[in-house]
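This is what each chain is made of:
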Amino acid sequence: MLPLLLCSTALAAVLLASWLFVKHWYTSPLALTEPVRIELSSGQSFSSFSEQLAAMGIIDNPSLWTWQARLSGQARAVKAGEYLVVPGDSPESLLDRLIRGEGITYQVQLIEGWTVQQALGALRAHDALVHELEGVDVNTLLSVLGLPPGHAEGMFFPDTYQFQRGASDADILRRAYAKLQQELAAAWESRDAGLPYSTPYEALIAASLIEKETGRESDRARIAQVFVTRLNRGMRLQTDPSVIYGVGSAFNGDLTRSHLREDTVYNTYTRKGLPPTPIALVGINSLKAALHPAPGEYLYFVARGDGSSEFSLSLEEHQLAVRKYQLQ
């Protein structure tokens with residue numbers, strides 16, 4: 001009995017020592033002096049990934065890390081992606097991050113007033129995104145994204161979008177579309193009475209005109225009031241940004257009288273009512289202004305040259321303002 005007892009005691013001591021060694025190794029900081037980027041590929045086995053990190057000098061015992069992950073049932077729970085290993089990380093903390101999918105986060109910004117083409121350009125320039133939308137235009141973009149078909153201009157909410165490597169430009173636009181629908185529905189629900197817009201889409205079109213007319217917060221609601229008053233009176237909106245949008249790539253920065261006379265569907269000098277689609281990405285402030293215009297009866301406005309606008313009640317006042325702020 002004594003030899004058996006001694007053997008059992010020795011085995012228990014070995015097992016305890018082994019457990020303490022593994023525990024100490026598993027929770028001890030890795031031998032890193034600076035952050036290192038790593039990537040777990042989709043479909044890659046954990047053992048292969050462990051060997052990859054060993055070859056990079058990050059994990060000094062890949063077999064033990066693999067054994068620990070498999071024994072705990074966590075090896076299959078890790079998520080593919082790009083990660084940052086930092087000094088102070090241990091095999092345990094790194095595995096926890098892989099399971100939570102807390103990879104390196106990138107961001108891309110869609111700006112108020114941009115066209116869809118400008119938004120696509122920003123997405124195309126981001127090298128952490130997968131590019132799926134090469135050659136797609138505004139007329140087919142929504143269908144390509146699996147969204148209700150239509151003209152894509154103005155259908156994406158301008159915001160800063162966080163993502164991890166492996167996300168696509170299409171993923172970002174689907175998120176921006178969903179965000180736009182959410183914000184538009186909420187704004188429409190709380191709209192003022194008596195507006196000349198029969199649908200949320202018409203309000204979005206008006207908001208896009210406001211977005212392009214000014215970046216001055218204090219002027220947005222007044223410009224919205226001008227548009228509402230003119231629409232209610234059956235007057236043409238006569239908004240330059242819509243005309244410019246209709247000219248398209250032929251516009252060289254100089255809006256001429258011939259542009260104002262050229263009858264496109266976006267020419268609000270030759271046609272009454274709203275243009276057929278938004279002309280830009282719409283921020284929340286322009287959207288709110290369109291649905292909550294300022295009180296008043298202004299019919300005209302002109303840029304002062306400092307980012308603000310001069311508002312007028314009559315054509316005579318407006319012509320004086322034009323001579324004062326633009327013809328000089």
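What counts, and at which threshold
- Residues numbered from 1 in each chain as written.
- Predicted model: local features only at pLDDT ≥ 70, side-chain atom pairs only at ≥ 80, totals over all residues.
- Heavy atoms only, no water.
- Helix = DSSP H or I, 4+ residues; strand = E, 2+ residues; numbered from the N terminus.
- Rg over C-alpha atoms; globule rule 2.2 N^0.38 Å.
- Buried < 20%, exposed > 50% of the residue type's maximum accessible area, 1.4 Å probe, protein only.
- Contact = heavy atoms within 4.5 Å.
- Salt bridge = Lys/Arg side-chain N within 4 Å of Asp/Glu carboxyl O.
- Pairing = 2+ DSSP bridges.
- Phe/Tyr/Trp six-rings, centres within 6.5 Å; stacked < 30°, edge-to-face > 60°.
- Lys NZ or Arg CZ within 6 Å of the ring centre and 35° of its normal.
- Core = buried A, V, L, I, M, F, W, Y, C linked by side-chain atoms within 4.5 Å.
- Expected span 1.5 Å × (residues − 1).
- Axes fitted to C-alpha atoms, helices over the stretch in contact; angles between N-to-C directions.
- Parallel < 35°, antiparallel > 145°, perpendicular 65-115°, else oblique.

This brings us to the overall build of the chain. Within the chain, the regular secondary structure consists of 13 helices and six strands. Computed over the C-alpha atoms, the radius of gyration of the chain is 30 Å, more than 25% above the 20 Å expected from 2.2 N^0.38 for a compact globule of 328 residues. Principal axes of the C-alpha set define a box for the chain whose edges measure 115 × 40 × 35 Å. Every one of the 328 residues in the chain was classed for burial, and the buried ones make up 42%. For the chain, contacts bridging at least 24 residues in sequence account for 63% of all contacts bridging at least 6.

Pairing is possible between side chains that carry opposite charge, provided their charged atoms lie close to one another. Counted under the stated rule, the structure contains twelve salt bridges. Across the pair Arg100 and Glu102 runs a salt bridge whose closest N-O atoms are separated by 2.7 Å. Among the ionic pairs, Arg220 bridges to Glu211, the shortest N-O distance being 3.3 Å. Comparing Arg220 with Glu211 shows no difference in burial state: the two are buried.

For helix H4 (residues 91–100), the full list of buried residues reads Pro91, Leu94, Leu95, Arg97, Leu98 and Ile99. One or two steps after H4, the chain reaches Gly101, where phi turns positive at roughly 70°.

Further remarks concern the pairing of strand E6 (residues 309–312). Successive residues of a regular strand alternate their side chains across the two faces of the sheet. Bridge count for strand E5 (residues 300–303) against E6 is four bridges, and the pairing is antiparallel. Residue pairing in the sheet places Phe301 in a bridge with Phe311 of E6. Hairpin remark: E5 followed by E6, antiparallel, with five residues in the connecting loop; positive phi at Gly305, about 100°.

A word on unusual backbone geometry. Phi is positive for Gln238, which is not a glycine, with a value near 50°. Within the secondary structure, Gln238 is located in the loop between helix H9 (217–232) and helix H10 (240–247). Classification of Gln238 by relative accessible area gives partly exposed; the value is 36%.

For any pair of aromatic rings, the description consists of the separation of the ring centres together with the inter-plane angle of the planes. For the coordinates displayed, the defined rule picks out nine aromatic pairs. Seen from their ring centres, Phe301 and Phe311 are 5.8 Å apart, and the 40° between their planes marks the pair as tilted. With Phe301 in strand E5 and Phe311 in strand E6, the pair connects residues that are ten residues apart, well separated along the chain. On the basis of relative accessible area, Phe301 is assigned to the buried category, the value being 15%. Judged by relative accessible area, which is 8%, Phe311 ranks as buried. Counting every residue linked through ring pairs, the aromatic cluster contains Phe227, Tyr298, Phe301 and Phe311. Here the guanidinium or amino end of Arg191 rests over the ring plane of Trp188, the centre of that ring lying 3.9 Å away.

One finds Leu141, Phe156 and Leu173 to be the most contacted residues of the largest nonpolar core, which totals 59 residues. For this core, the secondary-structure elements that each account for two or more residues are strand E3 (105–109), helix H5 (116–124), helix H6 (141–144), strand E4 (160–164), helix H7 (169–189), helix H8 (200–213), H9 and helix H12 (284–291). Formed by 22 residues, the second largest nonpolar core is a distinct cluster that contains Leu30, Phe49, Leu64 and Leu95.

The next thing to look at is the pairing of E4. Burial of the side chains of E4 is restricted to one face: Tyr161 and Phe163 are buried, whereas none of Thr160, Gln162 and Gln164 on the reverse face is. As defined by bridge partners, E3 adjoins E4 across five bridges and the pair is classed as antiparallel. Residue pairing across strands places Tyr106 opposite Phe163, the latter belonging to E4.

This brings us to the side chain of Ser168. By the element assignment, Ser168 lies in the loop between E4 and H7. Leave out the neighbours within four places in its chain, and Ser168 touches Leu129, Val130 and Glu132.

Taking 1.5 Å per residue as the helical rise, H8 with its 14 residues ought to reach 20 Å, and the 20 Å between its terminal C-alpha atoms agrees with that figure. Looking at H8, one finds that the buried residues are Ala203, Leu204, Ile205, Ala206, Ala207, Ser208, Leu209, Ile210 and Glu211. Against H7, H9, H10 and H12 lie the buried residues of H8.

Contact geometry of H7 with H8 gives a least axis separation of 10 Å together with a crossing angle of 100°. The orientation of H7 relative to H8 falls into the category roughly perpendicular. Across from Leu180, Leu184 and Trp188 in H7, the residues of H8 making contact are Pro200, Ala203 and Leu204.

The values are spatial; any link to function lies outside them.
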